[in-house]
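A structural walkthrough
Take a look at the letters that make up each chain.
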Amino acid sequence: MVGRAEGHPVNDFAERAERHRGELRVHCYRMLGSFDEAEDLVQEVFLRAWRGRDGFEGRSSLRAWLYRIATNACLDFLDGRSRRTLPDQADSPDGPWLQPFPGHLWEPVASSADDPEAAVVAKETLELAFLAAIQHLPPRQRAATILCDVLGWPVRQTAEALDGSVASVNSALQRARATLRAHLPPGRSDWAPSAPPTDSDRRILRRYMSAVERGDLTEVAELLARDVRATMPPYPEWFADRDGVLAALSASWDAGSPDYIGTLRMVPASANGELAAATYRCPPGGHAYEPFGIGVLRVRDGRIAEIVAFHEPALFPSFNLPPTLDR
């Protein structure tokens, strides 16, 4: 049997829908704060789209229809669930925690003759600072903000997607923007683009990676801002200054300490459009370097101002990182 959608056979409909998988994954990630859950939700979105394809009447673009399905799938998923955060903003020492997004899966969405409404998705909106801030919003406020302020949808179109009114969306946006201003980093009071990493920033990353591999605390100290903030999900502990970070590193890098973790190797990575590095650890007596964590760094005024080290080895395959490194 051949069904139809916008005048195209079912097979063509599935192929055209599949072209939007990458951006729908990003949309679900923004809503959920979890890469793993976003992957699962995208599958649910395509299942819902397939089941409802005969009801798609072409009154909007296929892309907009899929975003509507994805948004409502995320709202259903979020119902009754706790928000994902970083440890320094946690409601509970047990999380749940934000996850990073693999850089190689993040591509701008360009308009095309097939879908002239498609807009370029602004890269700054995957920055961890924004992901952490937007998680403070209730789900429907979060959805309205993402659709209007990130994707650039008109308020009326957003209201239709959320089965609400224009007045309710405007009210949600007003409250959401006030909440975001309270939770964004200093000097970042809106959705203005953050500057991409510069060559100077990348040199700082390379120096940091080299210093970590050598266990050089003096070099690390020179690279850290005095007020550097460091978190290590899923561990609830976090540090709010350079002295705290250095004290923790000193204990874990000291071969004579009971907290010694072994030697480290680092590999450049890409996460959320920010500087990142994957850390591998060879424990005392070990014979190979095993996945340890993926660190996302923010540089400010020539110093590392924030480090979020995600200690989730299970994420390494999603980042196309090797399973082990030889000694």
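Residues numbered from 1 in each chain as written. Predicted model: local features only at pLDDT ≥ 70, side-chain atom pairs only at ≥ 80, totals over all residues. Heavy atoms only, no water.

This part takes up the pairing of strand β3 (residues 224-232). Of the strand pairs in this sheet, β3 and strand β8 (residues 303-310) are connected by 4 bridges, and their pairing is parallel. Paired with Thr 231 across the strands is Val 308, a residue of β8. Looking at chain direction, β3 and strand β4 (residues 235-239) are connected through 3 bridges and run antiparallel. When the bridges of β4 are listed, Ala 230 appears paired with Phe 239. The antiparallel hairpin formed by β3 and β4 contains 2 residues in its connecting segment. (Pairing = 2+ DSSP bridges. Helix = DSSP H or I, 4+ residues; strand = E, 2+ residues; numbered from the N terminus.)

Across its 12 residues, helix α11 (residues 242-253) extends 16 Å between first and last C-alpha, which sits within 8% of the 16 Å expected from 1.5 Å per residue. Every buried residue of α11 is accounted for by Arg 242, Gly 244, Val 245, Leu 246, Leu 249, Ser 252 and Trp 253. Looking at the buried side of α11, the elements it contacts are α9 (199-214), α10 (217-223), β3, β4 and β5 (263-271). Two to three positions downstream of the cap, the backbone nitrogen of Asp 243 sits 3.4 Å from a side-chain oxygen, assigning the N-cap of α11 to Asp 241. (Expected span 1.5 Å × (residues − 1). Buried < 20%, exposed > 50% of the residue type's maximum accessible area, 1.4 Å probe, protein only. Contact = heavy atoms within 4.5 Å. Polar contact = N/O pair within 3.5 Å; in protein donor to acceptor, adjacent residues only side chain to side chain.)

With that settled, the discussion passes to the pairing of β8. Each regular strand displays side chains that alternate between the two surfaces of the sheet. Among the 8 residues in β8, 7 count as buried, and that is most of the element. The loop that links strand β7 (residues 288-300) with its antiparallel partner β8 comprises 2 residues; one of these, Asp 301, has a positive phi angle of about 55 degrees.

Okay, the environment of Val 296 next. Within the secondary structure layout, Val 296 lies in strand β7. Note: C-alpha distance between Val 296 and Leu 128 (168 residues apart in sequence) is 8.5 Å. Not counting residues within four places of it along the chain, the set of residues in contact with Val 296 comprises Leu 128, Ala 271, Glu 274, Leu 275, Ala 276, Glu 306, Ile 307, Val 308 and Phe 310.

Let us now look at the nonpolar core. Counting residues in each nonpolar core, the largest one holds 71 residues, and the members touching the most others are Tyr 29, Met 31 and Trp 65. No other element matches helix α4 (residues 62-78), which puts 11 residues into this core. Two domains share this core, each providing at least three of its residues, namely domain 1 (9-86 + 93-183) and domain 2 (199-319). Not counting chain neighbours up to four residues away, the residues in contact with Met 31 comprise Cys 74, Leu 75, Leu 78, Gln 135, Pro 139, Arg 142, Ala 143 and Ile 146. (Core = buried A, V, L, I, M, F, W, Y, C linked by side-chain atoms within 4.5 Å. Domains from an automatic or database assignment.)

Here the focus is the layout of surface pockets. Rolled over the atoms, a probe sized like a water molecule indicates the empty space that remains. Its boundaries defined by the atoms lining it, the second largest pocket holds a volume of some 650 Å³. Lining of the second largest pocket is provided by 28 residues; of these, Met 232, Leu 249, Ser 252, Phe 292 and His 311 occupy positions nearest its centre. Elements represented by at least two residues in the lining of the second largest pocket include exactly α9, β3, β4, α11, β5, β6 (274-282), β7 and β8. Residue composition of the lining of the second largest pocket, by class: 20 nonpolar, 6 polar and 2 charged. (1 Å grid on protein atoms, 1.4 Å probe; cavity = no way out; pocket = protein on both sides within 12 Å on 5 of 7 lines; lining within 4 Å. Points joined across faces, edges and corners; volume = space filled by probe spheres on them. Nonpolar A, V, L, I, M, F, W, Y, C, P; charged D, E, K, R; others polar.)

Before going further, it helps to examine the environment of Asn 170. Residue position: Asn 170 is located in helix α8 (residues 166-183). When its relative accessible area of 39% is taken as the criterion, Asn 170 is described as partly exposed. Separated by 11 residues in sequence, Asn 170 and Ala 159 have C-alpha atoms that sit 9.1 Å apart.

Taken residue by residue, the chain gives an average pLDDT of 88. The fraction at 70 or more is 87%. Of all helices and strands in the chain, the one with the weakest mean pLDDT is strand β1 (residues 4-5) (44), whereas α10 scores best (98). Taken as a whole, residues 1-7 scores under 50 in pLDDT and shows 18 contacts with residues more than four places along the chain or in a different chain. Note on residues 110-124: pLDDT under 50 across the span, and 31 contacts to partners over four residues away in sequence or across chains. (pLDDT = per-residue confidence, 0-100.)

Counting through the fold element by element, Thr 158 comes out in helix α7 (residues 155-161). Looking at Thr 158, the relative accessible area reads 0%, which means it is buried. Apart from residues no more than four positions distant in its own chain, Thr 158 is found in contact with Ala 144, Leu 147, Cys 148, Trp 153 and Val 169.

Here the focus is the packing of aromatic side chains. We describe a pair of aromatic rings using the distance from one ring centre to the other and the angle between the two ring planes. In this structure the tally under the stated criterion is 5 aromatic pairs. Note on Phe 35 and Phe 101: the rings are 5.5 Å apart at their centroids and 85 degrees apart in plane angle, and the pair reads as edge-to-face. In this pair, Phe 35 is assigned in helix α3 (residues 35-51) and Phe 101 in the loop between α4 and α5 (128-134), connecting sequence segments 66 residues apart. No difference in accessibility class separates Phe 35 from Phe 101, as the two residues are buried. Plain terms: the ring middles of Tyr 280 and Phe 316 are 5.3 Å apart, the flat faces sit at 90 degrees to each other, and that makes the pair edge-to-face. Residue Tyr 280 is located in strand β6, and its partner Phe 316 is located in the loop between β8 and β9 (325-326); the two are separated by 36 residues in the primary sequence. On the basis of relative accessibility, which here comes to 1%, the residue Phe 316 falls in the buried class. Put simply, the rings of Tyr 29, Phe 35 and Phe 101 pair up and form one aromatic cluster. Across the ring face of Phe 46, the terminal group of Arg 21 is positioned such that the distance to the ring centre comes to 4.6 Å. The residue whose ring lies beneath Arg 81 is Phe 77, and the NZ or CZ to ring-centre distance is 3.9 Å. (Phe/Tyr/Trp six-rings, centres within 6.5 Å; stacked < 30°, edge-to-face > 60°. Lys NZ or Arg CZ within 6 Å of the ring centre and 35° of its normal.)

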